[in-house]
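Examination of the molecular architecture
Chain by chain, the residues run as shown.
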Amino acid sequence: MTAAVDLETEVWRALDAVLDPELDQPVTELEFVSRVAVDRADVQVDLRLPTYFCAPNFAYLMVADAHDAVAELPWVRRVRVRLLDHFASEEINAGVAAGDGFDAAFPGLAAGELEELRSTFLRKAHLAYQEQVAQQLLRSGTELEQLVRVRIGELPPSPALDRLRRRRGQLGLPSGPEAPLLVDDEGAPVPVEGLSARLRFARTTRVSIEGNAGWCRGLLDTRYGPGGETARPRLH
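Described in the following lines is the structure provided in the data block.

Reading guide: rules and limits
- Residues numbered from 1 in each chain as written.
- Predicted model: local features only at pLDDT ≥ 70, side-chain atom pairs only at ≥ 80, totals over all residues.
- Heavy atoms only, no water.
- Helix = DSSP H or I, 4+ residues; strand = E, 2+ residues; numbered from the N terminus.
- Buried < 20%, exposed > 50% of the residue type's maximum accessible area, 1.4 Å probe, protein only.
- Contact = heavy atoms within 4.5 Å.
- Areas by Shrake-Rupley, 256 points an atom, 1.4 Å probe, with all protein chains shown as cover.
- Lys, Arg positive; Asp, Glu negative; His and termini not counted.
- Charge placed at Lys NZ, Arg CZ, Asp CG, Glu CD.
- Arc of directions from axis to C-beta.
- Disulfide = S-S within 2.5 Å.
- Salt bridge = Lys/Arg side-chain N within 4 Å of Asp/Glu carboxyl O.
- Polar contact = N/O pair within 3.5 Å; in protein donor to acceptor, adjacent residues only side chain to side chain.
- Core = buried A, V, L, I, M, F, W, Y, C linked by side-chain atoms within 4.5 Å.
- Pairing = 2+ DSSP bridges.
- Axes fitted to C-alpha atoms, helices over the stretch in contact; angles between N-to-C directions.
- Right-handed = clockwise from strand over helix to strand, strands pointing away.

A count of helical and extended segments in the chain gives eight helices and five strands. The order of helices and strands in the chain, counted from the N terminus, is α-β-β-β-β-α-β-α-α-α-α-α-α. Taking the principal axes of its C-alpha atoms as reference, the chain extends roughly 55 × 50 × 35 Å. Burial statistics for the chain: of 236 residues in total, 44% are counted as buried. Excluding contacts between residues fewer than 6 apart, the proportion of contacts in the chain whose partners are at least 24 apart in sequence is 68%. On the chain, roughly 12600 Å² of surface is accessible, and the fraction owed to carbon and sulfur atoms is 52%. Placing the 27 positive and 36 negative side-chain charges of the chain at their respective mean positions leaves the two points 4 Å apart.

Listed below in structure tokens is the structure:
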């Protein structure tokens, strides 16, 4: 029993890396994972979303990412990820299982594969985390002229900084100690001119992401009840 729980825990940890692309939060924290079952080297994961009509491209990304994250575990032989209670469950589940991609699952509806969509939301998250870290400095008395000269290595550890660096790594942007805190989508340092407007826009982006996450949690609770049927094994 202990070995089975340990394997299930490994699966949950792998799923911690799977993000809702729009909300930039793990599907495990959002309670989108309703079930994990391990039978030796075979794994089944069930996902559920806040509404029946969640966008199919977002849903496909999460199902595909969950499949890939679990499949990377060295002991796993077969993975089945099922999206439940969604209008496109059949197409998404079959497409991910076959590895054919979103275009094949939804012919005529997709304009190319999903990497550009993923990149778009990673850029939004990166902007939001820059603003979150920058606001901490501004509240402590840092001026805008100083802010544009701040380097990553000068910042105190924080969850927001950790997330910022992870998103930079995913986007291929500089994230080392000498990298500026504030960079644009191409990795170029942000000038002080127009910085106030940029930070206001970034704050709007962050508040929107946070608000949508809360809204989705509320919809999920309404649909399935608080906590749903999620049963993550306890760590020991």
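There is more to say after this.
Every buried residue of helix H3 (residues 89–98) is listed here: Ser 89, Ile 92, Asn 93, Gly 95 and Val 96. Each buried residue of H3 lies within a common arc of 165 degrees when the element is viewed along its axis, so the set occupies one face. Looking at H3, the residues exposed on the side facing more than 90 degrees away from the buried face are Glu 90 and Ala 97. Buried residues along H3 sit in contact with helix H2 (56–71), strand S5 (78–84) and helix H4 (102–105).

Summed over all chains, the structure comprises zero disulfides. Of the cysteine sulfurs around Cys 54, a residue in no disulfide, the closest is that of Cys 216, at 6.4 Å.

A few words now on the side chain of Arg 48. In this structure, Arg 48 sits in strand S4 (residues 42–48). Here Arg 48 sits buried without a salt bridge, and the closest side chain of opposite charge, Glu 31, lies 4.8 Å off (N-O distance). A distance of 2.8 Å separates a polar atom in the side chain of Arg 48 from the backbone oxygen of Glu 31.

Next up on the list: the nonpolar core. For soluble globular proteins, the rule of thumb is that nonpolar side chains tend to be buried together. Among the nonpolar cores identified, the biggest contains 42 residues, and Leu 15, Val 45, Tyr 60, Val 70 and Ile 92 are the most heavily contacted of them. When contributions to this core are tallied by element, the ones reaching two or more residues are helix H1 (2–15), strand S3 (33–39), S4, H2, S5, H3, H4 and helix H8 (195–224). The element contributing the most residues to this core is H2, with ten residues. When neighbours within four sequence positions are excluded, Tyr 60 is seen to be in contact with Ile 92, Gly 95, Val 96, Gly 101, Phe 102, Ala 105, Phe 106 and Leu 114. Core analysis: the second largest hydrophobic core is formed by 19 residues, Ala 125, Tyr 129, Ala 179 and Leu 181 among them.

Moving on, we come to unusual backbone geometry. Of note in the backbone geometry, Asp 24 takes a positive phi value of approximately 55 degrees without being a glycine. For Asp 24, a relative accessible area of 6% corresponds to the buried category. Phi angles above zero are rare outside glycine, and Asp 85 is one such case at about 55 degrees. Locating Asp 85 in the fold gives a position in the loop between S5 and H3.

Spatial strand order, S3-S4-S5: three strands in an open sheet with mixed pairing. Strands at the two margins of the open sheet, each flanked by one partner only, are S3 and S5. The sheet shows a mean angle of 10 degrees between the axes of neighbouring strands, taken without regard to direction. Sheet topology note: the S3/S4 ladder contains six bridges and is antiparallel. What sits directly across from Val 38, in S4, is Val 43.

Glancing now at the pairing of S5. Of the two faces of S5, only one is covered, namely that formed by Val 79, Val 81 and Leu 83; the face formed by Arg 78, Arg 80, Arg 82 and Leu 84 stays uncovered. Taken together, S4, H2 and S5 form a β-α-β motif whose crossover is right-handed.

Along S4, seven of the seven residues are buried, which leaves the element largely enclosed by surrounding structure. By the alternation rule, side chains of S4 split into Asp 42, Gln 44, Asp 46 and Arg 48 and Val 43, Val 45 and Leu 47, which are all buried. Two successive antiparallel strands, S3 and S4, enclose a turn made up of two residues, where Arg 40 displays a positive phi of approximately 60 degrees. Examined bridge by bridge, S4 and S5 share seven bridges and lie parallel to one another. Counterpart to Val 43 in the pairing with S5 is Val 79.

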